[in-house]
Amino acid sequence: MMTTHHLRAALLIALAAPLLTGQAPGAPKATENATAQNGAPNREALALRVSNAHQPNGEIDKISAFTSKIELELKDVTADKGGQVTLDVSYLELRNPKRKKPTTLLRYEVKGGEERIVRGFDVFGPWHLHKGKPQDLTAPNAVQDLKHFQEHRNLARQLVRFLSPCEVIRSLTNCSKVQERDIILTRRKKTKALAIEGDVEGFPMMHTAGEELPARLTIWVDSKTDRLLAIDVTPRISGKLRPAGRERIKLTKLTERNGLLVPKYLHYLLPDKEGNLRIHSTVHLVDLNLRPNLTTSDFNRK
């Protein structure tokens, strides 16, 4: 049976998956593979190559909404526990010319459980169904539910931004040179990849239940196809990197959807007691639609 902890982790992971957002229209396409002295592309060349690879039919408008059914299989890294859950998720970035950042509208429902779990954020704020009736998540008796929802919503925002790989590459600070390195994607297989490391001011991690922490990212790109392979996230606490708190998101079976390459599966790896990365959960994206016709009414309290 899925526990509350599992369901909370499920949504955190599920929302991480859906988007590999497009490069803004009019941005330049890579015509040459600029290289550094070590033979690897420089940062801008890598960003352009990744952008081209993830938009096989040419530049498209940025993705700002999605719907998806998500089948999640959880595997506890510390015990022989696990479970499966299905989630229905809708997401929309509502832009207001008077505001710098868009408002993130979100609605999700957990399928197959004994109790109907529905939470969302509409134009008035966060809400959930409590005993079958809509209620503000700002109510005094919903403090813990609000915390969980804020974790989920923040993670959705960050990962939508993060999974625009070319823009994330460009946004890194204290950036390393691009290097060709081996990455172990399975126990028996090493893959040649282009890797670039850099810092971000805030990234919500599974370990910290959605709290944004400064982090060091390593972005792994297939050296043959220029497709995103994996992302490593290492938190920085009080100015120091904490390798024991790292996690890896591995993308597999990238397929074209609405003009973009998106992963069919995402695999989340967390450190075990010995510090080795082990599979924690797998997300299967079903019926993913990156061009849904969503309006604010789709996030109403019902």
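That block above? That's the structure.
Model, not experiment: these values are computed from the prediction. (Residues numbered from 1 in each chain as written. Predicted model: local features only at pLDDT ≥ 70, side-chain atom pairs only at ≥ 80, totals over all residues. Heavy atoms only, no water.)

Chemist: Just checking my understanding: could you explain the overall build of the protein for this structure?
Modeler: For the protein, the helix and strand inventory stands at 4 helices and 14 strands. By residue count, 51% of the 302 residues in the protein fall in the buried class. On the protein, roughly 15300 Å² of surface is accessible, and the fraction owed to carbon and sulfur atoms is 48%. (Helix = DSSP H or I, 4+ residues; strand = E, 2+ residues; numbered from the N terminus. Buried < 20%, exposed > 50% of the residue type's maximum accessible area, 1.4 Å probe, protein only. Areas by Shrake-Rupley, 256 points an atom, 1.4 Å probe, with all protein chains shown as cover.)

Chemist: Is there a simple way to think about the environment of Gly-245 in this case?
Modeler: Position of Gly-245 among the secondary structure elements: in the loop between strand 11 (240-241) and strand 12 (247-257). C-alpha separation for the pair Gly-245 and Leu-270, spaced 25 residues apart in sequence, amounts to 8.0 Å.

Chemist: Please explain the packing of aromatic side chains as it appears in this structure.
Modeler: What describes a pair of aromatic rings is the distance from one ring centre to the other and the angle between the planes of the rings. Taken as a whole and judged by the stated rule, the model has 1 aromatic pair. With a centroid separation of 5.2 Å and 10° between ring planes, the pair formed by Phe-66 and Tyr-91 is classed as stacked. Of this pair, Phe-66 sits in strand 1 (residues 65-75) while Tyr-91 sits in strand 2 (residues 82-94); the two residues are 25 residues apart in sequence, bridging distant segments of the chain. Neither residue differs from the other here; Phe-66 and Tyr-91 are each classed as buried. (Phe/Tyr/Trp six-rings, centres within 6.5 Å; stacked < 30°, edge-to-face > 60°.)

Chemist: How do you make sense of the nonpolar core when you look at a structure like this?
Modeler: Generally speaking, nonpolar side chains in soluble globular proteins are found buried as a group. Core analysis: the largest hydrophobic core is formed by 56 residues, its most contacted members being Leu-46 and Ile-219. In contact with Leu-46, not counting residues within four places along its chain, are Pro-41, Ile-169, Val-178, Leu-194, Ile-196 and Val-221. Counting 7 residues, the second-largest nonpolar core is a separate cluster that includes Ile-183, Leu-185, Ala-193 and Leu-229. (Core = buried A, V, L, I, M, F, W, Y, C linked by side-chain atoms within 4.5 Å. Contact = heavy atoms within 4.5 Å.)

Chemist: Can you walk me through helix 2 (residues 43-54) in this structure?
Modeler: Spanning 12 residues, helix 2 covers 17 Å between terminal C-alpha atoms, matching the ideal 16 Å at 1.5 Å per step. If you check which residues of helix 2 are buried, you get Ala-45, Leu-46, Ala-47, Leu-48, Arg-49, Val-50, Ser-51, Ala-53 and His-54. The inward-facing, buried residues of helix 2 contact helix 4 (165-171), strand 8 (189-204), strand 9 (212-222), strand 10 (228-237), strand 12 and strand 13 (260-271). Between the side-chain oxygen at the start of helix 2 and the backbone nitrogen of Glu-44 there is a gap of 3.3 Å, and the oxygen is on Asn-42. (Expected span 1.5 Å × (residues − 1). Polar contact = N/O pair within 3.5 Å; in protein donor to acceptor, adjacent residues only side chain to side chain.)

Chemist: Would you explain the pairing of strand 12 in this entry?
Modeler: When a strand is regular, its side chains alternate between the sheet's two faces. By the bridge criterion, 4 bridges tie strand 10 to strand 12 in an arrangement that is antiparallel. The residue of strand 12 that forms the bridge with Asp-232 is Arg-248. With 9 bridges connecting them, strand 12 and strand 13 associate as antiparallel partners. Each residue of the ladder has a partner; that of Ile-249, found in strand 13, is Tyr-268. Counting the residues in the hairpin turn of strand 12 and strand 13 gives 2 residues, including Asn-258, whose phi is positive at 55°. (Pairing = 2+ DSSP bridges.)

Chemist: Honestly, the pairing of strand 8 in this entry has me stumped. Any pointers?
Modeler: One ladder, built from 7 bridges, connects strand 7 (residues 179-186) with strand 8; its direction is antiparallel. Pairing of Ile-183 across the sheet is with Thr-191, part of strand 8. Counting the residues that bridge the hairpin from strand 7 to strand 8 gives 2 residues. Sheet topology note: the strand 8/strand 9 ladder contains 10 bridges and is antiparallel. Paired with Asp-199 across the strands is Arg-216, a residue of strand 9.

Chemist: Explain a nonpolar patch on the surface to me, please; I cannot follow it from the model alone.
Modeler: A cluster of nonpolar side chains, namely Leu-94, Val-123 and Phe-124, defines an oily patch on the protein surface of about 320 Å² accessible area. Inspection of the secondary structure puts Phe-124 in the loop between strand 4 (117-122) and strand 5 (125-130). Taking the relative accessible area as the measure of exposure, Phe-124 reaches 74% and is therefore exposed. (Patch = residues over 30% accessible without salt bridge, like charges linked within 9 Å, V, L, I, M, F, W, Y side chains within 5 Å. Salt bridge = Lys/Arg side-chain N within 4 Å of Asp/Glu carboxyl O.)

Chemist: Looking at this structure, I do not really get the pattern of salt bridges. What am I missing?
Modeler: When the charged atoms of two side chains with opposite charge come close together, those side chains can pair. What the rule picks out here adds up to 17 salt bridges. A salt bridge links Arg-49 to Asp-226; the shortest N-O distance between them is 2.9 Å. Of this pair, Arg-49 sits in helix 2 while Asp-226 is found in the loop between strand 9 and strand 10, placing the two residues 177 residues apart along the sequence. One salt bridge connects Glu-197 with Arg-216, and the closest N-O pair in it is separated by 3.7 Å. Taken together, the residues Glu-197 in strand 8 and Arg-216 in strand 9 connect sequence positions 19 residues apart. Of the residues examined, Glu-197 reaches a relative accessible area of 23% and is grouped as partly exposed. Among the residues examined, Arg-216 registers a relative accessible area of 16% and is labelled buried.

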